[in-house]
Amino acid sequence: MTLITLNDKKNVFHLSNQWVSYVFSVEDKQLIHKYFGKKIHTYSGGMDYPEKTRSSFSPDLPFEDELKVSLDAVLQEFPGSNQGDYRSSGIEVVFDAHGNTNTKFEYESHSITKGVIPSPGLPSSFDAEKGESETLAITLRDEAEQVDVTLYYTIFEDSPTIVRKCRINNKGQASVKIDKLVSMSLDFPAATNELIHLSGSWAQERQVVREKINRGIKVLRSKRGSSSHNQNPFCAIVQPTTTEESGEVYGFSFVYSGDHETIIEKDSFDQLRIQMGINHETFSWVLESGDEFYTPEVIMTFSPNGLNGFSQEMHDFVTTHIVKSSYKEKHRPVLMNNWEATYMAFDEETIHSLMEEGAKLGVELFVLDDGWFGKRNDDTGGLGDWWVNETKLPNGLKGLATYAKNLNMSFGLWFEPEMVSPKSDLYKKHPDWVLHYEKKGMSPARNQYMLDLTRQDVRDYLYTSIEAILMSADISYVKWDMNRNFSETYAKQLSTSKQKEVSHRYVLGLYELLERLTTRFPDILFESCSGGGGRFDLGMLYYMPQTWTSDNTDPVERLRIQYGTSLVYPISTMGSHVSASPNHQNGRMTSIDTRGHVAMSGLLGYELDLLRIDEDEKEAMRKQIDFYKKHRDLIQYGTFYRLLSPFEGDQTAWMFVSKDKQEAIVFYCNGLASAAPSLKKLKLQGLLENQKYVFDNGVSSYGSELMNMGFYSLTKGHQDILGDFATSFSYLKGLSE
Ligand code: DGJ
């Protein structure tokens, strides 16, 4: 299938597959954006600049013909700077030869190749064996400076997605200081649009925010050194009428785990510019003569089928083209983690007892969390000292892994490699390995400092220590944690002019380390974590196929967290555990059903002290695990539909539908209980209209009835759902008549 075409006049590029079109033209060496959205057969518009003489205050391009065009008024693919476009620039540079900042990038050449062009050192989307993609590379040149910028556009045959990034190449003699370089800039014609983004905080990640886009600029960003709990690197542009079920959605997701920036600018002609890239507040890069620099990728996905349609496309894309682990389509194990059971106060005997209890419930993987290494008895010490604490674990990790194996479970381990505690042998030996500027001290967070991952010797130390531990016992899972954000971001071994490169260099260092370790241990299941979901992004998912969604394990707060997360990230990436009641984060009491049903809506785990749980609860857990194992293919890899939003009302519902639409699971959660509740109906989605389905309680109905008429969500069969935050988790199956 041909995915990228050039018209007869050789000036219009059209990227299209079955679903989408992306069109732009080369006019007087400028790249003029024409369209991105639902597929169009052929673009025949030609030279259709909008009215050019908007105002003489915006200068015209110095064209030779009569056409007067101001870059301030046209839709562009790559807006330069200091050249008469007063909107946000895609690039800001200082040409060191003379200090000039005005860019003049003009079309130079293009190439179309099969497949993806990976960015060295950065996670990139890739072709699945079954997929096919084409990449268009457009090279723009600033002739006076001898600097090239290449824009990359990859279109995949199996997804309504275009992937963008760019590269800058310094072919001149002098160095160039890059102060800003976006991965993509996209202009939309004037329209009324709304913005959706995922904002949050620790223990309250990815809350859905929806707002009208007014004139002016809005910036969504992180400068914490990580993608952050606070602002996920994602946004969507939707119509005011877009719902979960219908309407247009343009989603933008950044494949990056560090400081990011999304600029949403509505100009004075009501045109909209969206830019996504590394946060330029904490970035600059000195590009020496002969050097090149690649930006991370942006995934741009369009759906005409509402937010559910968008998420389903995104989930497929992430599973197929981003997650590279061998676990990408494999069933994920039901795990038990000792963190909320023991915190760091454990010994070998306690861990053995927890393992035994877990095994009785049907747990498949036991994860030993923080506290097994160095002198780590509380959060003031030990980080960096990656050797086993034999006072706590006299038989070492090997002993524990064997104990687990004998109980028919595999064994996994927690690490926090990027950090060092001031009370550690590593810090005593290498105080210079910490990011900081000597004369200004260091700000601790959770009593720890950040190792300088821009240094090769630091990365080598981490690689060697982790490799030794992973070789020392039968370890099949790693939880990679990161429990603070950056401050005093200064790397001693880098020159003065490179200090604003540190945040990005850190992320490149992290990616190099992850590449080495995940390649060395391809059969280990890696789960990333940053105090819960502080680094839930596509960069981390490229290396590690699942993420601990949040440190907040209260099922009620989890409704919003998991609902928001599902907008972008597949269910197979979301760790979710049953924990104790009252909950350790907010003290709320909930039933074992509510806790189980919410956790079963992701990658199920248990994280509570099973030695203090009564038999009834254990029996309920055993049943949950049985049910989950039976249906995990449907939950982890089925098609996910959000039905009722916890951001819009009391009730929450979502469902999982099998690819053949013959099976489904419906999750429902009531809000606060009422003796006289409103009798709202829940309408299902994604089923076959003419198929009869039977619920696990024996009630049967046709798909058309379940989807169009719906049913009272507060009852399950003839049984009422009672109590605050009561839930149901119902399985239904197609009936052959
Ligand atoms: C933060 C994580 O999110 C928790 O699950 C736990 O691993 C702790 N860190 C351990 O310090």
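S.K.: Can you walk me through the nonpolar core in this structure?
M.R.: Soluble globular proteins: nonpolar side chains tend toward being buried together. Ranked by internal contacts, the top residues of the largest apolar core, which has 179 residues, are Phe252, Leu368, Trp372, Leu397 and Phe411. Top element by residues in this core is helix H7 (residues 502–520). It accounts for 8 residues. Once you skip the residues sitting within four places of it in the chain, phenylalanine 411 turns out to touch Met355, Leu365, Phe366, Leu368, Leu397, Leu400, Ala401, Ala404, Asp474, Ile475, Ser476 and Tyr477. By size, the runner-up hydrophobic cluster in this structure holds 18 residues, among which are Met655, Leu684, Leu706 and Ala726.

S.K.: I'm lost on the side chain of glutamate 134 in this one. Help?
M.R.: Checked against the element boundaries, glutamate 134 lands in strand E7 (residues 133–142). Judged by relative accessible area, glutamate 134 falls into the buried class, the value being 6%. Within polar-contact distance, the side chain of glutamate 134 engages the backbone nitrogen of isoleucine 4 at 3.0 Å. With near-sequence residues (within four places) excluded, glutamate 134 lies in contact with Met1, Thr2, Leu3, Ile4, Ile112, Thr113, Lys114, Gly115, Tyr153, Thr154 and Ile155.

S.K.: Teacher, can you tell me more about the site of the ligand here?
M.R.: Close to the ligand lie 13 residues; Asp369, Asp370, Lys479, Asp481 and Asp551 are nearest. Within the side chain of aspartate 551, one N or O atom sits 2.3 Å away from an oxygen atom of the ligand. Residues that form the shell around the ligand fall into these classes: 4 nonpolar, 3 polar and 6 charged.

S.K.: What exactly am I supposed to notice about unusual backbone geometry here?
M.R.: Backbone geometry follows two general trends: most residues other than glycine have a negative phi, and most peptide bonds adopt the trans configuration. Backbone torsion omega between serine 581 and proline 582 reads 0 degrees, so that peptide bond is classified as cis. Counting through the fold element by element, proline 582 comes out in the loop between strand E29 (574–578) and helix H10 (592–599). At asparagine 408, a residue that is not glycine, the phi angle is positive and equals roughly 70 degrees. A positive phi is found at asparagine 447, a non-glycine position, where the angle reads about 60 degrees. Of note, asparagine 447 is situated in the loop between helix H5 (425–429) and strand E25 (449–450).

S.K.: What am I meant to see in the pattern of salt bridges here?
M.R.: A side chain with one charge can pair with a side chain of the opposite charge if their charged atoms come near. Within this structure, the stated rule accounts for 48 salt bridges. Glutamate 281 is the salt-bridge partner of lysine 223, the closest N and O atoms lying 3.7 Å from each other. Highlighted residues: lysine 223 in the loop between strand E13 (216–222) and strand E14 (231–238) and glutamate 281 in the loop between strand E17 (272–278) and strand E18 (285–287), separated in sequence by 58 residues. Overall, the relative accessible area of 43% leaves lysine 223 in the partly exposed class. Under the relative-accessibility criterion, glutamate 281 is labelled partly exposed at 35%.

S.K.: When you look at the pairing of strand E23 (residues 410–415) in this model, what are you seeing that I'm missing?
M.R.: Looking along a regular strand, one sees the side chains alternate between the two faces of the sheet. For E23, a buried count of 5 out of 6 residues is recorded, marking the element as mostly surrounded by other parts of the structure. The pairing of strand E22 (residues 365–368) with E23 spans 4 bridges and is parallel. Among the inter-strand pairings, phenylalanine 366 is bridged to a residue of E23, identified as phenylalanine 411. Remark: the E22/helix H4 (residues 396–406)/E23 crossover connection has right-handed handedness. Both E23 and strand E26 (residues 477–480) contribute to a ladder of 4 bridges, which runs parallel. The partner of leucine 413 across the bridge, within E26, is valine 478.

S.K.: For this particular structure, what's the right way to read the environment of threonine 192?
M.R.: Inspection of the secondary structure puts threonine 192 in the loop between strand E10 (176–188) and strand E11 (194–201). Between the alpha carbons of threonine 192 and glutamate 134 there is a distance of 32 Å; along the sequence they are 58 residues apart. Contacts of threonine 192, omitting those with residues within four sequence positions, involve Pro240 and Lys266.

S.K.: What exactly am I supposed to notice about the sheet that holds strand E21 (residues 335–337) here?
M.R.: Strand pairing in a sheet takes place through backbone hydrogen bonds and is either antiparallel or parallel in direction. Reading around the barrel, the 8 strands line up as E21-E22-E23-E26-E27-E28-E29-E30 and close back on themselves, with parallel pairing between neighbours. Neighbour-to-neighbour, the strand axes of this sheet turn through a mean angle of 30 degrees, independent of strand direction. Its contacts with the sheet put H7 on E26 and strand E27 (525–528), and the angle it makes with E26 is roughly 170 degrees. Packed on one face of the sheet, helix H9 (residues 555–565) meets strand E28 (546–548) and E29 and runs near 165 degrees to E29.

S.K.: Even after reading the chapter, I still don't get the packing of helix H3 (residues 348–361) against helix H11 (residues 615–637), so can you show me in this structure?
M.R.: For any two helices packed against each other, one specifies the crossing angle of their axes together with the interaxial distance. In the contact formed by H3 and H11, the axes pass within 8 Å of each other and the chain directions differ by 60 degrees. When the axes of H3 and H11 are compared, the pair comes out oblique. Contacts from Glu357, Lys360 and Leu361 in H3 reach Lys618, Met621, Arg622 and Ile625 in H11. Its residues assigned to classes, the contact of H3 with H11 comprises 3 nonpolar, no polar and 4 charged.

S.K.: Explain the side chain of threonine 573 here, please?
M.R.: Relative to the helices and strands, threonine 573 resides in the loop between H9 and E29. Using a relative accessible area of 1% as the deciding quantity, one classes threonine 573 as buried. Apart from residues lying up to four places away in sequence, threonine 573 is in contact with Phe536, Leu541, Pro545, Gln546, Thr547 and Leu603.

S.K.: What's the story with H9 in this structure? I'm lost.
M.R.: With 9 of its 11 residues buried, H9 lies for the most part within the structure. All of the buried residues along H9 are Pro555, Val556, Arg558, Leu559, Ile561, Gln562, Tyr563, Gly564 and Thr565.

S.K.: Please clarify how the sheet that holds strand E3 (residues 20–27) should be interpreted in this entry.
M.R.: Taken together, the 4 strands give an open sheet; going across it, the order is E1-E2-E3-E4, and neighbouring strands pair in antiparallel fashion. Edge strands, defined here as strands with exactly one partner in the open sheet, are strand E1 (4–6) and strand E4 (30–38). Looking at each pair of strands side by side, their axes are set apart by 15 degrees on average, direction ignored. Sheet topology note: the E3/E4 ladder contains 8 bridges and is antiparallel. Paired with valine 26 across the strands is leucine 31, a residue of E4.

S.K.: What should I look at first to understand the pairing of strand E30 (residues 603–606) in this one?
M.R.: With burial as the criterion, each face of E30 is covered, one bearing Leu603 and Gly605 and the other bearing Leu604 and Tyr606. Direction of pairing for E29 relative to E30: parallel, over a ladder of 4 bridges. The residue of E30 that forms the bridge with serine 576 is leucine 604. With H10 bridging E29 and the parallel E30, this β-α-β connection has right-handed handedness.

S.K.: Explain the packing of aromatic side chains here, please?
M.R.: What characterises a pair of aromatic rings is the spacing of the ring centres plus the angle enclosed by the ring planes. The tally for this structure, following the rule as stated, stands at 39 aromatic pairs. Ring plane angle 20 degrees and centroid distance 6.2 Å describe the contact between tyrosine 152 and tyrosine 294, whose orientation is recorded as stacked. Separated by 142 residues along the polypeptide, tyrosine 152 in strand E8 (residues 147–156) and tyrosine 294 in strand E19 (residues 292–294) bring together distant segments of the chain. On the basis of relative accessible area, tyrosine 294 is assigned to the buried category, the value being 12%. Above the face of the tyrosine 712 ring, lysine 681 is positioned so that its terminal group lies 5.3 Å from the ring centre.

S.K.: Hey, could you run me through the state of the cysteines in this one?
M.R.: Structurally, a disulfide amounts to a covalent bond that connects the sulfur atoms of two cysteines. Applying the stated criterion across every chain yields a total of 0 disulfides. There is no disulfide at cysteine 166, and the cysteine sulfur nearest it, in cysteine 235, is 17 Å away. Given the relative accessible area of 1%, cysteine 166 is considered buried.

S.K.: I keep staring at the packing of H10 against H11 and nothing clicks. Help me out?
M.R.: Interaxial distance between H10 and H11 falls to 10 Å at its minimum, and their mutual angle equals 25 degrees. Regarding the angle of H10 to H11, the classification is roughly parallel. In this structure, H10 meets H11 at a crossing whose hand is right-handed. Facing H10, whose interface residues are Ile592, Asp593, Arg595 and Gly596, H11 presents Glu617, Ala620, Met621 and Gln624. Taken together, the residues that form the contact of H10 with H11 break down as 3 nonpolar, 2 polar and 3 charged.

Rules of the game
Residues numbered from 1 in each chain as written. Predicted model: local features only at pLDDT ≥ 70, side-chain atom pairs only at ≥ 80, totals over all residues. Heavy atoms only, no water. Core = buried A, V, L, I, M, F, W, Y, C linked by side-chain atoms within 4.5 Å. Buried < 20%, exposed > 50% of the residue type's maximum accessible area, 1.4 Å probe, protein only. Helix = DSSP H or I, 4+ residues; strand = E, 2+ residues; numbered from the N terminus. Contact = heavy atoms within 4.5 Å. Polar contact = N/O pair within 3.5 Å; in protein donor to acceptor, adjacent residues only side chain to side chain. Near = heavy atom within 4 Å. Nonpolar A, V, L, I, M, F, W, Y, C, P; charged D, E, K, R; others polar. Salt bridge = Lys/Arg side-chain N within 4 Å of Asp/Glu carboxyl O. Pairing = 2+ DSSP bridges. Right-handed = clockwise from strand over helix to strand, strands pointing away. Axes fitted to C-alpha atoms, helices over the stretch in contact; angles between N-to-C directions. Parallel < 35°, antiparallel > 145°, perpendicular 65-115°, else oblique. Phe/Tyr/Trp six-rings, centres within 6.5 Å; stacked < 30°, edge-to-face > 60°. Lys NZ or Arg CZ within 6 Å of the ring centre and 35° of its normal. Disulfide = S-S within 2.5 Å. Left-handed = near helix turned anticlockwise from the far one by under 90°.

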